[in-house]
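# Chain and residue survey
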Number of protein chains: 2
Amino acid sequence: MRSPQVEAASGLPEQVTIYEVGPRDGLQNEKTVVPAATKVEFIRRLEAAGLGTIETTSFVPARWVPQMGDAEDVLAGLGPDGRGRRRPALVPNERGLDRAEELGLTAIAIFGSATETFAQKNLNRSVSEQYAMFEPVVERALADGMWVRAYVSMCFGDPWEGPVPVGQVVDTAERLMDLGCHELSLGDTIGVGTTGHVHRLLEALGARGIGTDRVAVHFHDTYGQALANTMAALRDGVSVVDAAAGGLGGCPYAKSATGNLATEDLVWALHGAGVETGVDLEALVETSVWMAGQLGRPSPSNVVRALAGA
Amino acid sequence: MRSPQVEAASGLPEQVTIYEVGPRDGLQNEKTVVPAATKVEFIRRLEAAGLGTIETTSFVPARWVPQMGDAEDVLAGLGPDGRGRRRPALVPNERGLDRAEELGLTAIAIFGSATETFAQKNLNRSVSEQYAMFEPVVERALADGMWVRAYVSMCFGDPWEGPVPVGQVVDTAERLMDLGCHELSLGDTIGVGTTGHVHRLLEALGARGIGTDRVAVHFHDTYGQALANTMAALRDGVSVVDAAAGGLGGCPYAKSATGNLATEDLVWALHGAGVETGVDLEALVETSVWMAGQLGRPSPSNVVRALAGA
């Protein structure tokens, strides 16, 4: 139940931290709304499979994202952070931060956009206005000792604006990181990026002082590029990768598959290359098969299908 | 309709030759048996989309592979080679070579196995006996001026034997190439390989004098690794890649997806990296959508689903 020929592959980091986004980015983009108790069990099973960082939910208003309307129930069900685990949640504003702090969270993520159109659609603000929105959130979170991640969406292409210039992404990333965030996650929200583009973006960020030690990558598999792009980023020094158990977020029967990189496919690649992740692949596959059952459809992850079908 | 941010990516070849295997490896592994006339139209459409090398069929006995029992009809329907196109077919023995030559073929492929179990199952011979089987085929084909490719199957893992040692693959490859074949195709028949393993195999082949200028790679996407492995091989100097239009050979609804790397997903990655392929992606996607209709199910290629659904 593991990839053959385990060995150290040249150019890859010895250890990779998987930032599991299945319960949030994954379930947020599934048609089926999953009950809070199921989410709690999902997160507990993911933690038991060795995933130490799991994005649990989102404190956006429920009218924006009904799938995440049960943030309080999910976090109350999980109980407090502990044993070295990190359970960040998305926080758009100070009201969201209030709720996160009341529930004892110690890690949050803000989510900016590199493009005007998506900033308007997702945040109801312009790109330049988003910084003012996030500034008081990050300032208070840092003062309260929280760990803060900054997402940038649409880092490669935008469905309305087309290809997104590297300089535009770097400007957005710099503004958000200047707020004091600990980690930057580069989101290929529509999955159109390719390896050379990944390299050039990382290079441009490095030139502005945002090194790969502070950068995570977040690829969607819409065009089948997620794992290839991730491996390219790892060779460039990135060591934090976003992925969703079972490739959640994209239904294999939908016309357009838009799921996240499947955590299992990533783990297969990393373990085969001798890179440590701390993940028990068998337990993870079992969890994704169980979750697919809750959603009433098979997992889009190739590894899940191959191992669960074997 | 193309990947954004076209640019030259460091470490990739300027040009990649796609060796299209959809009509043979793809259709051979589909449940639906496609009529010869449909195959002819498929191949013609692939050629019109810019694919210059297409593996058309196989001259194994029809009782072994019923899906390829119409080799004569397909090749007669296509007419003679021409205009710089290459239409190789699999040839297992001298009887197969007779048939290929009668139909005017100028390129063939033999197909060895790196493992004993698969050699017995696929060729009814041991690994060492396979060389004697292929030797007269290659000798006569070369004497007749044909181009000859040697496949090696099970280069990374074998479903019965597990991980396959690199040395065992190199030994098999060397014996087949010593017959005088022009090109070696490394097959990850069950799709379990990972990037470090690819690198080590290419390195070991190079050390025996089989350089990347004579090596093609052939990945199946069973574990989601096909494109990442292909890109790793390209960075190591390989410039011929096997792929199947639409990811043929694996049904997205089957428990275990075992299709080839989808040509469209490969083209997306290469064009995004500024690598020339000569392929018209739009025409290729249209062809795969048409073929999926013939097979009565959607294409497993992410790019096909994303572009055709848009």
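One structure accompanies this document, and this report is about it. (Residues numbered from 1 in each chain as written. Chains lettered and ligands numbered in written order. Predicted model: local features only at pLDDT ≥ 70, side-chain atom pairs only at ≥ 80, totals over all residues. Heavy atoms only, no water.)

### Digging into the pairing of strand E11 (residues 240-243) of chain B
All names here are of chain B. Applied cut-off: Only protein chains enter the calculation, and the probe is 1.4 Å; a residue is then buried if its accessible area is under 20% of its type maximum, exposed if over 50%, and partly exposed in between. Put simply, DSSP H or I for four residues or longer makes a helix, DSSP E for two residues or longer makes a strand, and each gets a number counted from the N terminus. When DSSP finds two or more bridges between two strands, those strands count as paired. Crossovers are marked right-handed if the path from the first strand over the helix to the second runs clockwise, as seen with the strands pointing away from the viewer.
Neither face of E11 is exposed, since Val240 and Asp242 on one face and Val241 and Ala243 on the opposite face are all buried. By the bridge criterion, 4 bridges tie strand E1 (residues 17-20) to E11 in an arrangement that is parallel. The partner of Glu20 across the bridge, within E11, is Ala243. For the crossover that starts at strand E10 (residues 215-219), traverses helix H9 (residues 226-235) and ends in the parallel E11, the hand is right-handed.

### Section: the sheet that holds strand E10 (residues 215-219) of chain A
Residues and elements named next belong to chain A. We apply this condition: Note on contacts: a residue pair qualifies if any of its non-hydrogen atoms lie within 4.5 Å across the two residues. Angles here are taken between N-to-C directions and fall from 0 to 180 degrees, while the axes themselves are lines fitted to C-alpha atoms, restricted in helices to the stretch in contact.
Read from one edge to the other, the open sheet built from 9 strands follows the order E2-E1-E11-E10-E9-E6-E5-E4-E3, with strand pairing classed as parallel. Since the sheet does not close on itself, it has two edges, and those belong to strand E2 (53-54) and strand E3 (57-58), each with one partner. As judged from the 2 bridges shared by E3 and strand E4 (residues 89-90), these two strands associate in the parallel manner. Paired with Thr57 across the two strands is Ala89, which belongs to E4. The strands touched by helix H7 (residues 166-177) within the sheet are strand E5 (107-113), strand E6 (147-153) and strand E9 (183-188), with E6 carrying the most contacts at an inclination of about 160°. Set on the sheet, helix H10 (residues 263-272) makes contact with strand E1 (17-20) and strand E11 (240-243); between it and E1 the angle comes to about 175°.

### Regarding the sheet that holds strand E9 (residues 183-188) of chain B
Residue and element names in this part refer to chain B. If you walk across this open sheet you meet the 9 strands as E2-E1-E11-E10-E9-E6-E5-E4-E3, and the pairing is parallel. Two strands lie at the open edges of the sheet, namely strand E2 (53-54) and strand E3 (57-58), each paired on one side alone. In this structure, strand E6 (residues 147-153) lies alongside E9, joined through 4 bridges in parallel fashion. Each bridged residue has a counterpart across the sheet, and for Val152 the counterpart in E9 is Leu186. The strands touched by helix H5 (residues 116-123) within the sheet are strand E5 (107-113) and E6, with E5 carrying the most contacts at an inclination of about 130°. Sheet strands in contact with helix H6 (residues 127-143) are E5 and E6, and its direction is about 170° off that of E5.

### Comments concerning the state of the cysteines
Residues and elements named next belong to chain B. Operational definition: Pairs of cysteine sulfur atoms within 2.5 Å are what we label disulfides.
Evaluation of the coordinates by the stated rule reveals 0 disulfides over all chains. Here Cys155 stays unpaired: no disulfide links it, and the sulfur of Cys181, its closest cysteine neighbor, is 14 Å away. Looking at Cys181, the relative accessible area reads 4%, which means it is buried.

### Comments concerning the environment of Ser301 of chain A
Residue and element names in this part refer to chain A. Rules: We define a polar contact as two N or O atoms separated by no more than 3.5 Å, with the added condition that, inside protein, one atom must be a possible hydrogen donor and the other a possible acceptor, whereas residues neighbouring each other in sequence contribute only through side-chain atom pairs.
Note on placement: Ser301 falls in the loop between helix H11 (281-295) and helix H12 (302-309). Considering only alpha carbons, one finds Ser301 and Leu105, 196 residues apart in sequence, at a separation of 30 Å. The residues touching Ser301, leaving out its near neighbours within four places in the chain, are Gly246, Gly247, Ala262, Glu264 and Asp265. A polar contact is formed between the side chain of Ser301 and the backbone nitrogen of Val304, at a distance of 3.0 Å.

### Observations concerning the packing of helix H9 (residues 226-235) of chain A against H9 of chain B
The line we're drawing: Should an angle lie under 35 degrees it is considered roughly parallel, over 145 roughly antiparallel, and from 65 to 115 roughly perpendicular; all remaining angles are considered oblique. The hand of a helix crossing depends on one turn: near helix anticlockwise from the far one by less than a right angle means left-handed, and clockwise means right-handed. We call Asp, Glu, Lys and Arg charged. Ala, Val, Leu, Ile, Met, Phe, Trp, Tyr, Cys and Pro are nonpolar, and the rest, Gly among them, are polar.
Taken N-terminus to C-terminus, the directions of H9 of chain A and H9 of chain B make an angle of 45°; their axes are 7 Å apart at the nearest point. In terms of axis orientation, H9 of chain A runs oblique to H9 of chain B. In this structure, H9 of chain A meets H9 of chain B at a crossing whose hand is right-handed. Taking contact as the criterion, the partners of Leu227, Ala228, Met231 and Arg235 of chain A in H9 of chain A are, on H9 of chain B, Leu227, Ala228, Met231 and Arg235 of chain B. Grouping the constituent residues of the contact of H9 of chain A with H9 of chain B by class yields 6 nonpolar, no polar and 2 charged.

### Digging into the packing of helix H11 (residues 281-295) of chain B against helix H12 (residues 302-309) of chain B
Residue and element names in this part refer to chain B. For the pair H11 and H12, the least separation of the axes is 10 Å and the interaxial angle reads 95°. Taken together, the axes of H11 and H12 lie roughly perpendicular to each other. Contacts from Leu281, Val285, Ser288 and Val289 of H11 reach H12 at Val303, Val304, Leu307 and Ala308. Its residues assigned to classes, the contact of H11 with H12 shows 7 nonpolar, 1 polar and no charged.

### What to know about the pattern of salt bridges
Residues and elements named next belong to chain B. The condition is simple: One speaks of a salt bridge when a side-chain nitrogen belonging to Lys or Arg is within 4 Å of a carboxyl oxygen belonging to Asp or Glu.
Following the criterion strictly, the structure yields 30 salt bridges over all chains and no others. In this structure, the salt-bridge partner of Arg208 is Glu174, at a minimum N-O distance of 2.5 Å. Of this pair, Arg208 sits in the loop between helix H8 (195-207) and E10 while Glu174 sits in helix H7 (residues 166-177); the two residues are 34 residues apart in sequence, bridging distant segments of the chain. Residue Arg208 is classed as partly exposed on the basis of its relative accessible area of 37%. A relative accessible area of 23% means that Glu174 is categorised as partly exposed.

### Side note on H12 of chain B
All names here are of chain B. The element H12 is largely enclosed, with a buried count of 6 among its 8 residues. Those residues of H12 lying buried are Asn302, Val303, Val304, Arg305, Ala306 and Leu307. N-cap assignment for H12: the residue whose side-chain oxygen lies 3.3 Å from the backbone N of Val303 is Ser301.

### Some words on H11 of chain A
All names here are of chain A. Cut-off, in case you're wondering: Multiply 1.5 Å by the residue count of a helix minus one, and that product is the helix's expected span.
Between its first and last C-alpha, H11 extends 21 Å over 15 residues, near the 21 Å set by a 1.5 Å rise per residue. Those residues of H11 not exposed but buried are Leu281, Leu284, Val285, Thr287, Ser288, Trp290, Met291, Ala292 and Leu295. Contacts made by the buried residues of H11 are with helix H1 (22-28), helix H2 (36-48), H10 and H12. By the N-cap criterion, in which a side-chain oxygen at the helix start approaches the backbone nitrogen of a residue two or three places on, H11 is capped by Asp280, the distance to Glu282 being 3.1 Å. Immediately downstream of H11, the backbone of Gly296 shows phi near 75°, a positive value.

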